[in-house]
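Spelled out from the first residue to the last, the chains are:
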There are 2 protein chains.
Amino acid sequence: MSAISNSRSDKGDRPKARSGKWTMTIITLLRDQPQRFNALRRQTGISQKTLTTTLRELERNGFVLRTMFATIPPRVEYELTELGRELLELSEGVRDFFQRRRPQMEAARERFDASGGEPEIRLNHP
Amino acid sequence: MSAISNSRSDKGDRPKARSGKWTMTIITLLRDQPQRFNALRRQTGISQKTLTTTLRELERNGFVLRTMFATIPPRVEYELTELGRELLELSEGVRDFFQRRRPQMEAARERFDASGGEPEIRLNHP
DNA sequence: CAGAATCCGCTCAGATACTG
DNA sequence: CAGTATCTGAGCGGATTCTG
């Protein structure tokens, strides 16, 4: 274990790229105004550890700006950067797509599940 | 274990929605022409199990059409549906975004890692 | 309040072996 | 060739505990 300090900056191993199940949710919540840590926590029900991890990666990649206020108790605010705002637009596009196409997807799933997943079968080869 | 058959249609539990690390790769490979199972396998280096799972979910959701030819040896082709083609466009948009913004992201990462992840600190509260 | 550190269970993806 | 069945290891996300 570390001998002197245990701050994050001591660890030599940088976090690997994460897909981030909660990433889209977080940046969506940051759309309209900066938010504090526990505000995000309450709105999402996300665990503290995962929220921290998600926010750190967003910060690290330049999508979110973290600002600490040296008050007691401490106050930390997260807000979208310009780059983060672009990511938000992108992610809204993705969400819109799946929302628009949801009926087709559900219909396809019903067909697939009803047929037990049996594919088209052709006897002739093209 | 199953008493009589072990075909997929026997299992009552349907697969849950998967994020699919390889999904984008696969539909990109299907852009220009239908492809056979092992062709996809060779081009990606993806394991056979994961390829099957990925293709099945794409098929189930209506993005990919699977066609079996009753020949010996068997021949199975995968191709994009119209819906799949829309998903392809979307995913190309996503890839383009991260490609375009890669420099900004890498710059942000360097700043973050160099500073040990220390945030902006403000002494006054707004 | 905003985290860091730890432990833990689950799911995902790869490796392997076997079939129609 | 195109799968299915199984085992296994790694990583993610949650719960809990502790601190500045």
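First things first, this report covers the structure right here in the doc. For every chain, the first residue of its written sequence is number 1, and the numbers climb from 1 along that sequence. Chains and ligands are labelled sequentially in the order written, the chains with letters from A and the ligands with numbers from 1. Reporting in this predicted model follows two pLDDT cut-offs: at least 70 for local features of residues, and 80 or more for side-chain atom pairs to be given and counted; totals over whole chains, interfaces and linings ignore these cut-offs and use all residues. Calculated side-chain values reflect all of the structure's heavy atoms, with hydrogen atoms and water omitted.

Remarks on the interface of chain B and chain A
Tallying the contact residues gives 42 residues for chain B and 42 residues for chain A. Both sides together, the interface formed by chain B and chain A hides about 3,900 Å², and carbon and sulfur atoms give 65% of it. Reported buried area values correspond to the accessible surface (1.4 Å probe) lost by two parts on association, with both partners' losses combined. The largest per-residue losses of area from chain B upon contact with chain A belong to R60, F97 and F112 of chain B, which jointly make up 15% of the total buried on that side. The salt bridge involving E86 of chain B is made with R101 of chain A; its shortest N-O contact spans 2.7 Å. Throughout this description, a polar contact denotes any pair of N or O atoms lying within 3.5 Å of each other; where both atoms belong to protein, one of them has to be capable of donating a hydrogen while the other can accept it, and for residues adjacent in sequence the pair is counted only when both atoms sit in side chains. Linking chain B to chain A there are 16 residue pairs in polar contact (both at pLDDT 80 or more). Helix and strand labels come from DSSP, where a helix needs a run of H or I of at least four residues and a strand needs a run of E of at least two; each type is numbered from the N terminus. Among the secondary structure elements, those contributing two or more residues to the side of chain B that touches chain A are α3 (48-60), β2 (64-69), α4 (82-100), α5 (102-114) and β4 (120-122) of chain B. The dominant element in the side of chain B that touches chain A, judged by the number of residues it contributes, is α4 of chain B, at eight residues. Pairing between strands is defined by DSSP: at least two bridges between them are needed. Sheet topology places strand β2 (residues 64-69) of chain A next to β4 of chain B; three bridges connect them, and they run parallel. Bridge assignment links F69 of chain A to a residue of β4 of chain B, and that residue is R122 of chain B. Contacts are assigned to residue pairs with any non-hydrogen atoms lying within 4.5 Å of each other. By definition here, a salt bridge exists when the distance from a side-chain nitrogen of Lys or Arg to a carboxyl oxygen of Asp or Glu is within 4 Å.

These results come straight from atomic positions and should not be treated as a statement about function.
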